[in-house]
Amino acid sequence: MDTLGFTTHDHGHCIAQALSSAEKTCAEQGLQLTAQRRRVLEILLQKHRAMGAYELLDVLRSEGQGAQPPTVYRALDFLVTNGFAHKIERLNAFVACAHPGERHAPAFLICKGCGSVAEMPSRDIARAVREAAGGLGFEVSRMVIEAEGACPSCREARA
């Protein structure tokens, strides 16, 4: 799994590929990718940054949809549960999964300047934490790895 978010890529292809993967997964697993769920995923993919539920709600309302908070929260719950999006705990916000369809436990790099979020592999980090915790007799059942800092663009702008 490659880091995505701070790298140059074909964003249109990225969105199309993620939507296609979501549609395929839903068809294979008998899940319903409703119009509302799909639109919330599209917004997350288009923005390429973490967004709060109320920010998503504002976008939907600006498009003329009479969305209510429970509707957005249900869509987000579906997307997170099925691996199409991730919750960024530190921000209480959501980001589209950069690698839908792949089984993974990502770590997140959050830019404090522009708010962009990159998803990166965390296997080695998670292993180190589990080993350290195990040495203390602790068994890790859930882990969220998030780091804040400055993305390449913000670092360059600062320099």
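Preceding this paragraph is the structure being described.
Q: Looking at this model, I keep getting lost on the pattern of salt bridges. Mind explaining?
A: Once the charged atoms of two side chains with opposite charge are near each other, the side chains can pair. This structure, assessed with the given rule, holds nine salt bridges. Across the pair E42 and R39 runs a salt bridge whose closest N-O atoms are separated by 3.1 Å. Here E42 pairs with R39, and both are found in helix α2 (residues 35-47), just three residues apart, close to one helical turn. Among the residues examined, E42 registers a relative accessible area of 18% and is labelled buried.

Q: Could you clarify how one ought to interpret the pairing of strand β4 (residues 117-121) in this entry?
A: Strand residues, when the strand is regular, have side chains that alternate between the two faces of the sheet. For β4, the buried fraction is high: four of the five residues fall into the buried class. Here strand β3 (residues 106-111) runs beside β4; their pairing, made up of five bridges, is antiparallel. By the bridge assignment for β4, P106 is matched with P121. Taking the residues between adjacent antiparallel strands as the criterion, β3 and β4 are bridged by five residues, where G115 takes a positive phi near 85°.

Q: I tried to follow the sheet that holds strand β5 (residues 145-149) on my own but got confused; where do I start?
A: Strand order in the open sheet formed by three strands is β4-β3-β5, with mixed pairing between adjacent strands. Edge positions in the sheet fall to β4 and β5, since each of these pairs with one other strand and no more. Within the sheet, the average angular offset between the axes of one strand and its neighbour, ignoring direction, is 25°. Pairing of β3 with β5 involves five bridges; the strand directions are parallel.

Rules behind the numbers
Residues numbered from 1 in each chain as written. Predicted model: local features only at pLDDT ≥ 70, side-chain atom pairs only at ≥ 80, totals over all residues. Heavy atoms only, no water. Salt bridge = Lys/Arg side-chain N within 4 Å of Asp/Glu carboxyl O. Helix = DSSP H or I, 4+ residues; strand = E, 2+ residues; numbered from the N terminus. Buried < 20%, exposed > 50% of the residue type's maximum accessible area, 1.4 Å probe, protein only. Pairing = 2+ DSSP bridges. Axes fitted to C-alpha atoms, helices over the stretch in contact; angles between N-to-C directions.

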